Amino acid sequence: GGAKSDEAPKIMTDFLLGPNPFSQSFTLTFSATEATMATIQLVNKAGKVVASEIMPVESGKNKFQFSDGAGMAAGDYVIRISNPMEIHTLVASKK
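Residues numbered from 1 in each chain as written. Predicted model: local features only at pLDDT ≥ 70, side-chain atom pairs only at ≥ 80, totals over all residues. Heavy atoms only, no water.

> Now, about the sheet that holds strand S4 (residues 49-57): what can you tell me, with residues and values included?
One open sheet accounts for four strands, arranged S4-S3-S6-S7; its pairing is antiparallel. Both outer strands of the open sheet, S4 and strand S7 (86-94), are each paired with one neighbouring strand and no more. Within this sheet the neighbouring strands show an average axis-to-axis angle of 20°, counted without direction. With nine bridges joining them, strand S6 (residues 75-83) and S7 adopt antiparallel strand pairing. Bridge pairing in S7 places Val 78 opposite Val 91. (Pairing = 2+ DSSP bridges. Helix = DSSP H or I, 4+ residues; strand = E, 2+ residues; numbered from the N terminus. Axes fitted to C-alpha atoms, helices over the stretch in contact; angles between N-to-C directions.)

What follows is the structure, encoded as structure tokens:
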């Protein structure tokens, strides 16, 4: 069977996050099949966006570095990576 028309193939794939848990910084790498703009948000357990950044995504390998974690409370954070077509979520733990 072919892909259904309402399930477009994802542009962004192969997400890797490290270190996890992190203390003040982490690196997120992923692949993309075409150029787009991505919004990367860190959301705490209360649902509050504690960090938000827009990055240009290139076709091929991409890397996002976050280094503002020193003042963040320990615990789990959802990392939401979105472009106009899709949303991906990962969970990162702050030490």
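> A description of the sheet that holds strand S5 (residues 60-66) should follow, citing residues and the corresponding values.
Read across the sheet, three strands follow the order S1-S2-S5 without closing on themselves; strand pairing throughout is antiparallel. Single-partner strands in this sheet number two, and they are strand S1 (12-18) and S5. For this sheet, the mean inter-axis angle between neighbouring strands, taken without regard to orientation, is 20°. As paired strands, strand S2 (residues 26-32) and S5 are joined by seven bridges and run antiparallel to one another. Along S5, the bridge assignment pairs Phe 26 with Phe 66.

Remember that the coordinates give geometry; whether it matters functionally is a separate question.
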